[in-house]
Amino acid sequence: MSLGSAGEKGSNITGDVSKYLIQGYLPTIGIECHVQLATKTKLFSAVDNDAREAEPNSKVSAIDYALPGMLPYLNREAVRLAARAALALNAEVARVSRFDRKHYFYPDLPKGYQISQMYQPTILSGHVDLPDGTTVRINHAHLEEDAGKLTHHGDHSEVDLNRAGTPLIEIVSEPDMHSAAQAKLFAQELWLLMTYAGVTHGDLYHGNMRFDVNVSVSKTDQLGTRSEVKNLNSFKSVERAVEYEIKRQIELLEKGQSIVQETRGWDDAKAKTTSQRSKENAQDYRYMPDPDIPPIILSEPEIKQMQADLPLLPTQYRAEFAALEVDSSVIGAVLSNPAAAQKLHQVLETSTPDIARRIANWFASAIPVDDENLSKFDLPSAANLIKLSDMTAAAQLSSTAAKEVFAAMLKHDTDPAQIAENKNLLQVSDSGEIAKIVAEVLAAPASQKAVADIKSGNDKAIGYLVGQVMKASKGQANPTLAQKLIRSKIG
Ligand code: MN
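Residues numbered from 1 in each chain as written. Predicted model: local features only at pLDDT ≥ 70, side-chain atom pairs only at ≥ 80, totals over all residues. Heavy atoms only, no water.

So, the sheet that holds strand S10 (residues 209-218)
Strand pairing in a sheet relies on backbone hydrogen bonds. The paired strands run either parallel or antiparallel.
Phase 1: Pairing is mixed across the open sheet formed by eight strands, whose spatial order is S5-S6-S9-S1-S10-S11-S12-S13. Each end of this open sheet is capped by a strand with a single partner; those strands are strand S5 (126-129) and strand S13 (272-278). The mean inter-strand angle of the sheet, taken between neighbouring strand axes irrespective of direction, is 30 degrees.
Phase 2: Sheet topology note: the strand S11 (residues 227-232)/strand S12 (residues 262-267) ladder contains three bridges and is parallel. Directly across from Ser227, in S12, lies its bridge partner Glu262.
Phase 3: Contacts from helix H4 (residues 235-254) reach strand S1 (26-36), S10, S11, S12 and S13, with the element oriented near 25 degrees to S10. (Pairing = 2+ DSSP bridges. Helix = DSSP H or I, 4+ residues; strand = E, 2+ residues; numbered from the N terminus. Axes fitted to C-alpha atoms, helices over the stretch in contact; angles between N-to-C directions. Contact = heavy atoms within 4.5 Å.)

The following block contains the structure:
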């Protein structure tokens, strides 16, 4: 829940949105995204922030248990990462920001309140430019702590507080998206920005980024009543949940029913949303300033210091890779793996766009773009990649063989020439050697019909002869060269 996201009912819709209409309804989507910060310790306690493989309740301190007398102490590294997130979001860092208590009673929150930022967030308004050319405004992003995790077992539930106190930033967008595809694109772009900026490890499987989507539909220039689907943890589920909500809401309105403002959950297996609870208002949370934590006061030089040496961001890589003149899906696949993008950047520093283009295409065909496969490979060195590209350009390898060598290099970075030789993939481009094979093929009785066909002008028959040469050379002849030699022999 945040102010700003998805807009309030009654706000105006502006701009040309006709292409997004479905059955005359304009869908409008705002997204809130919780990003787990890549700090060593929690937001307010000196406890390990990585609880992925840990025993339940083994990474918890008196602060996380909220024992009487505990006093939270702000982790400065979380503030530094927030400042870097601000840069990636084209946003200013507040010179003064403060923490507030957000009250609710639930077993995952021993204090009875979450420490968050309601009135003076650390990250002010900004924007994200999507690869489709649209811009999504960011209302703000605030620092807050995560709650614990509950596991329900019918008659009882288990509480694990390892996650309690994990530092998050919650990024709140304006309602600037109008399709499920755009919502997915925004989620992916946030993932890229936060991962490249080093703000988060971006491990979606372990919930490092969770998306809440606010969806409404309207036939007028005023926003309709919205529903919120919480805790989506993959790009695909963002897209599918938005698609489902748009359809559900239009169906209700077409039947003359109205939309209830509520929080809904997403059932991935059933591919549907279900009502969870009616939406809370801000006053239900009884926000109040947290007296335990002093305000964050930052000077301009301190902010600059925290933002120094930010690595290249996806937008910068996209601008650089435009020189390759490849399809945007190839660039998208490369960017989905930060290590691959970095490698391609290194390749471009020491070679040409032609060489880099081949390497980009190999990466794109080797990296599936699905959420689950964004994990890092141990990538080959730029030098070996350039060597493989050069070998392909010199026709020492066919394009199929090059892909096979590339795949082998992903497993163990070794000399591509060595791999090609071991796998017997080197293409024979020695014209003398191929000429010998061509002569044998042309002399064979089985070839005479094809030779006669070509002489009488049926050029299609050349395919058969090239095929025979490839077969005789065990696939190692350079087919272009073979064809050239066949033509010159037949005349
Ligand atoms: Mn939150």
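So much for the structure itself; the text now carries on.
Quick look at the packing of helix H9 (residues 353-366) against helix H10 (residues 382-393)
To characterise two packed helices, one gives the angle between the axes of the helices and the distance between these axes.
Phase 1: Between H9 and H10, the least distance of the axes is 9 Å, while the angle of their chain directions is 105 degrees. In terms of axis orientation, H9 runs roughly perpendicular to H10. From H9, Ile355, Arg358, Ile359, Trp362 and Phe363 reach across to H10, where they touch Leu385, Ile386, Leu388, Ser389, Asp390, Thr392 and Ala393.
Phase 2: Of the residues assigned to the contact of H9 with H10, the class counts are eight nonpolar, two polar and two charged. (Parallel < 35°, antiparallel > 145°, perpendicular 65-115°, else oblique. Nonpolar A, V, L, I, M, F, W, Y, C, P; charged D, E, K, R; others polar.)

Things to note about the pairing of S5
Phase 1: Of the two faces of S5, the one lined by Gly126 and Val128 is fully buried and the one lined by His127 and Asp129 carries no buried residue.
Phase 2: Here S5 runs beside strand S6 (residues 135-145); their pairing, made up of four bridges, is antiparallel. Along S6, the bridge assignment pairs His127 with Arg137. (Buried < 20%, exposed > 50% of the residue type's maximum accessible area, 1.4 Å probe, protein only.)

Some words on the domain arrangement of the chain
Phase 1: For the chain, the domain assignment lists domain 1 (18-303), domain 2 (314-422) and domain 3 (431-490).
Phase 2: Between domain 2 and domain 3, the C-alpha centre-to-centre distance is 34 Å. (Domains from an automatic or database assignment.)

A word on the pairing of S6
Phase 1: For S6, the tally of buried residues reaches eight of eleven residues, placing the bulk of the element in the interior.
Phase 2: Counted along the chain from S5 to the antiparallel partner S6, the turn is five residues long, and its residue Gly133 has a positive phi close to 95 degrees.
Phase 3: Taken together, the seven bridges between S6 and strand S9 (residues 167-173) define a ladder with antiparallel strand orientation. Note that in S9 the partner of Glu145 across the bridge is Pro167.

Re the coordination of the manganese ion
Phase 1: Surrounding the manganese ion are the protein donor atoms His34 (NE2), Glu144 (OE) and Glu170 (OE), at 2.1 to 2.2 Å.
Phase 2: In the primary sequence, the donor residues of the manganese ion line up as H-x109-E-x25-E. One end of the pair, His34, is in strand S1; the other, Glu170, is in strand S9, and 136 residues separate them in sequence. A single burial state applies to His34 and to Glu170, both of which are buried. (Donors = N, O, S within 2.8 Å, 3.2 Å for Na, K, Ca; no water.)

Here's the deal with the packing of aromatic side chains
Phase 1: One pass over the structure, following the stated rule, counts nine aromatic pairs.
Phase 2: Directly above the ring of Tyr285 sits Lys102, whose terminal nitrogen or CZ lies 4.5 Å from the centroid.
Phase 3: Geometry around Tyr113 places Lys111 over its ring, the cationic atom sitting 5.5 Å from the centre. (Phe/Tyr/Trp six-rings, centres within 6.5 Å; stacked < 30°, edge-to-face > 60°. Lys NZ or Arg CZ within 6 Å of the ring centre and 35° of its normal.)

Describing unusual backbone geometry
Phase 1: You will see that Asn57, though not glycine, has its phi angle at about 60 degrees, which is positive.
Phase 2: Considering the arrangement of structural elements, one finds Asn57 in the loop between S1 and helix H1 (62-65).
Phase 3: For Asn57, a relative accessible area of 29% puts it in the partly exposed group.
Phase 4: Not every positive phi belongs to a glycine, and Arg286 is a case in point at roughly 45 degrees.
Phase 5: Among the secondary structure elements, Arg286 is positioned in the loop between S13 and strand S14 (288-289).

As for the pattern of salt bridges
Phase 1: For the structure shown, the criterion picks out 31 salt bridges.
Phase 2: Note that Arg163 is salt-bridged to Asp146, the shortest N-O span being 2.7 Å. Taken together, the residues Arg163 in the loop between strand S8 (156-160) and S9 and Asp146 in the loop between S6 and strand S7 (149-153) connect sequence positions 17 residues apart.
Phase 3: Here Asp146 falls in the buried class, since its relative accessible area comes to 9%.
Phase 4: Between Arg248 and Glu262 there is a salt bridge, with the nearest N and O atoms lying 3.9 Å from each other. Placement of the pair is Arg248 in helix H4 and Glu262 in strand S12, with a sequence separation of 14 residues. (Salt bridge = Lys/Arg side-chain N within 4 Å of Asp/Glu carboxyl O.)

With respect to the side chain of Gln114
Phase 1: With respect to the helices and strands, Gln114 occurs in strand S4 (residues 113-116).
Phase 2: Here the side chain of Gln114 touches Glu144 through a polar contact of 3.4 Å, side chain to side chain.
Phase 3: With residues near it in sequence (within four places) discarded, Gln114 still touches Asp100, Arg101, Lys102, Tyr104, Leu109, Glu144 and Glu145. (Polar contact = N/O pair within 3.5 Å; in protein donor to acceptor, adjacent residues only side chain to side chain.)

Focus: helix H11 (residues 399-411)
Phase 1: In this model H11 runs 19 Å from its N-terminal to its C-terminal C-alpha over 13 residues, within 8% of the 18 Å that 1.5 Å per residue would give.
Phase 2: Buried within H11 we find Ala401, Ala402, Val405, Phe406, Ala408, Met409 and Leu410.
Phase 3: For H11, the secondary structure elements touched by its buried residues are H9, H10 and helix H12 (416-422). (Expected span 1.5 Å × (residues − 1).)

Side note on helix H16 (residues 479-490)
Phase 1: Taking 1.5 Å per residue as the helical rise, H16 with its twelve residues ought to reach 16 Å, and the 16 Å between its terminal C-alpha atoms agrees with that figure.
Phase 2: Inspection of H16 places Leu481, Ala482, Leu485, Ile486 and Ile490 among the buried residues, and these make up the whole buried set. All buried residues of H16 fall inside an arc of 160 degrees around its axis, so they share one side. Of the exposed residues in H16, those oriented more than 90 degrees away from the buried face are Thr480, Lys484 and Ser488.
Phase 3: With a side-chain oxygen lying 3.1 Å from the backbone nitrogen of Thr480, the N-terminal cap of H16 falls on Asn478. (Arc of directions from axis to C-beta.)

Some thoughts on the environment of Met177
Phase 1: As for its placement among the helices and strands, Met177 is situated in the loop between S9 and helix H3 (180-196).
Phase 2: Accessibility expressed as a relative area gives 0% for Met177, which makes it buried.
Phase 3: Distance in space between the C-alpha atoms of Met177 and Glu251 is 21 Å, their sequence separation being 74 residues.
Phase 4: Discounting residues that sit within four places of it in the chain, Met177 has contacts with Pro27, Thr28, Ile29, Gly30, Ile31, Val136, Gln182, Ala183 and Phe186.

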